[in-house]
Amino acid sequence: MFDHFKVPEDIAVRVPLDRLRAATEAVFLKCGVPADDAALGADALMFADLAGIDTHGVSNKLRDYAAKFQSGVLNPTPNWTIVTETASTAVIDGDGGLGLLIAPKAMSIAMDKADKVGSGMVSIRNAGHAGAAGYHARLALERDMIGWCMTVSSASKSMLPTYGAEPLLGTNPIAFAAPADKEAAFLFDAAMTTIAGNKIGLAKRMGKPLQGGWVAHADGTPDLEGGPIEKFSTEGKPNQLPLGSTRELGSHKGYGMAMIVDILCGQLSFAPGYSTLADDRGGHFVAAWDVAAFGEPSEFKRNMDGMLGRLRTSKPMAGAERVYYAGLIEVETEQERRERGIPLHPEVVDWFRQACDEFDIPFDLA
């Protein structure tokens with residue numbers, strides 16, 4: 001997690017993992033989610049919180065999920081179905097369920113197909129927010145496979161096209177995981193905007209300004225100076241710039257990658273709303289490749305160790321302590337948070353206290 005968005009240590013409430021997991025699972029259960037799915041949802045959110053992906057952990061997402069279950073926007077007991085499939089592909093209709101709970105099942109299907117034919121790809125429609133895409137991609141590591149996940153959240157029009165003044169795309173994250181042996185596995189998970197949308201919420205919660213290159217002015221021109229959120233939007237949701245910020249710095253690349261996500265998640269699942277870029281469109285895409293279909297997995301992982309280790313030990317730039325690769329910081333953060341507890345903002349703890357009172361759940365987080 002970029003330091004700009006971390007909860008300051010002097011106000012952070014450190015919560016032991018087992019307590020936070022139990023409270024999270026209890027909230028899912030009270031929302032009508034079956035026990036197995038409640039445990040799965042808690043696991044997915046704990047992954048994000050342990051890895052330092054606070055934008056997609058309990059801090060930001062659990063309250064959103066609970067509200068949507070209670071209002072009927074999300075179906076807690078979906079009868080999701082495979083609409084069509086081949087030996088290596090499938091399309092799933094999520095029956096209005098939470099993508100966080102359906103995407104792991106889709107990845108399991110993709111991995112089973114990869115076991116048989118080398119690769120498996122599943123596109124998902126009619127399912128809500130999928131949480132941290134990296135959680136679903138990394139599931140493939142357990143079977144010596146490469147995992148891939150993309151997601152488009154409903155009602156997430158926040159990205160301006162390059163040269164555009166009208167937000168038409170979501171943040172559209174892409175996650176990719178590849179196994180290693182002794183090194184921490186490679187796990188890339190990033191929005192195709194300059195920052196994840198939920199980071200704006202974190203900045204607002206902590207009273208932090210936005211930095212130059214993150215968002216645009218009302219007329220669509222990229223802001224390169226930064227400032228308080230109110231400078232860009234009275235509603236607290238400014239229009240975000242594609243990865244690259246400006247055309248000169250490569251925003252067309254982030255914009256193009258975001259379109260690829262829309263195509264694989266929505267057009268390929270034949271989800272409604274994608275032909276018109278509707279506000280409420282949503283979809284997900286997962287894929288797995290079996291390393292054994294290409295060569296010996298143990299050799300692949302040794303080779304990955306060589307590449308990742310070479311990057312990790314390479315010479316850092318002036319003023320930097322070390323060089324990282326995607327997935328390394330997350331593993332180190334997980335180790336620290338397992339030992340010291342997960343740092344929550346006091347406002348998040350207050351929400352938990354209110355939610356536990358509403359759901360008649362014992363509160364023991366602080």
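The rules behind each value
- Residues numbered from 1 in each chain as written.
- Predicted model: local features only at pLDDT ≥ 70, side-chain atom pairs only at ≥ 80, totals over all residues.
- Heavy atoms only, no water.
- Helix = DSSP H or I, 4+ residues; strand = E, 2+ residues; numbered from the N terminus.
- Rg over C-alpha atoms; globule rule 2.2 N^0.38 Å.
- Buried < 20%, exposed > 50% of the residue type's maximum accessible area, 1.4 Å probe, protein only.
- Pairing = 2+ DSSP bridges.
- Axes fitted to C-alpha atoms, helices over the stretch in contact; angles between N-to-C directions.
- Contact = heavy atoms within 4.5 Å.
- Core = buried A, V, L, I, M, F, W, Y, C linked by side-chain atoms within 4.5 Å.
- Salt bridge = Lys/Arg side-chain N within 4 Å of Asp/Glu carboxyl O.
- Arc of directions from axis to C-beta.
- Phe/Tyr/Trp six-rings, centres within 6.5 Å; stacked < 30°, edge-to-face > 60°.

Draft legend 1. Geometry of the overall build of the protein. Along the protein, the regular secondary structure elements total ten helices and nine strands. A globule of 366 residues ought to have a C-alpha radius of gyration of about 21 Å, and the protein, at 20 Å, matches this closely. On the principal axes, the C-alpha backbone points of the protein span a range of 55 × 50 × 45 Å. Buried positions account for 53% of the 366 residues belonging to the protein.

Draft legend 2. Focus on the sheet that holds strand E8 (residues 283-290). Reading across from one edge, E2-E3-E4-E8-E5-E6-E7 is the order of the seven strands in this open sheet, with mixed pairing throughout. This sheet does not close on itself; its edge strands, each paired only once, are strand E2 (81-85) and strand E7 (186-190). On average, each strand axis in the sheet is inclined to that of its neighbour by 15°, with strand direction left out of account. The strands that helix H4 (residues 99-117) touches are E2, strand E3 (89-97), strand E4 (119-127), strand E5 (145-152) and E8; relative to E4, the one it contacts most, it runs at about 160°.

Draft legend 3. Highlighting the nonpolar core. In terms of nonpolar packing, the biggest core is built from 65 residues, with Leu20, Phe28, Val122 and Phe352 touching the most fellow members. Broken down by element, this core gets its largest block of residues, ten residues, from H4. Listed in part, the 14 residues of the second largest apolar core include Val152, Tyr274, Phe285 and Ala287.

Draft legend 4. Geometry of the pattern of salt bridges. Under the counting rule described, the total for this entry stands at 23 salt bridges. Note that Arg143 is salt-bridged to Asp115, the shortest N-O span being 2.4 Å. Taken together, the residues span a long stretch of sequence, with Arg143 in the loop between helix H5 (133-138) and E5 and Asp115 in helix H4 at a distance of 28 residues. Assessed through its relative accessible area of 47%, Asp115 is described here as partly exposed. Each of Glu9, Arg14, Glu336 and Arg340 takes part in a single network of salt bridges with overlapping partners.

Draft legend 5. Local environment of the pairing of E2. As paired strands, E2 and E3 are joined by four bridges and run antiparallel to one another. Residue Thr81 lies in a different strand from E3, and its bridge partner there is Asp93. Once E2 ends, the chain turns through three residues before running back antiparallel as E3.

Draft legend 6. Representation of the environment of Gly164 within the structure. With respect to the element layout, Gly164 can be found in the loop between E5 and strand E6 (174-178). On the accessibility criterion, Gly164 (16% relative accessible area) is buried. A sequence separation of 56 residues divides Gly164 from Gly220, and the C-alpha atoms of the two residues are 6.0 Å apart.

Draft legend 7. Inspection of the side chain of Asp37 at higher detail. For Asp37, the location among the structural elements is in helix H2 (residues 35-51). Residue classification places Asp37 among the buried positions, given a relative accessible area of 14%.

Draft legend 8. Region of interest: helix H6 (residues 197-206). Where H6 is concerned, the buried positions are Lys199, Ile200, Leu202, Ala203 and Met206. Projected onto a plane normal to the axis of H6, the buried residues spread over an arc of 160° and lie on a single side. Where the residues of H6 are buried, they touch helix H3 (58-71). Positive phi appears at Gly207, one or two residues downstream of H6, with a value of about 70°.

Draft legend 9. Just the side chain of Lys301, in detail. As for its position among the elements, Lys301 is in helix H8 (residues 297-312). Discounting residues that sit within four places of it in the chain, Lys301 has contacts with Asp144, Pro179, Ala180 and Asp181.

Draft legend 10. Focus on the packing of aromatic side chains. Counted according to the given criterion, the structure contains five aromatic pairs. Taken together, a centroid distance of 5.1 Å and an interplanar angle of 70° make the contact between Trp351 and Phe352 edge-to-face. The class for Trp351 is buried, based on a relative accessible area of 16%. These aromatic residues form a ring-pair network of at least three members: Trp148, Phe285 and Trp289.

Draft legend 11. Up close: the pairing of E6. Of all five residues in E6, four are buried, a share of seventy percent or more. In the sheet, E5 pairs with E6 via four bridges, with the strands oriented antiparallel. Note on E6: the bridge partner recorded for Gly147 is Ala177. One ladder, built from five bridges, connects E6 with E7; its direction is antiparallel. Among the inter-strand pairings, Ala177 is bridged to a residue of E7, identified as Leu187.

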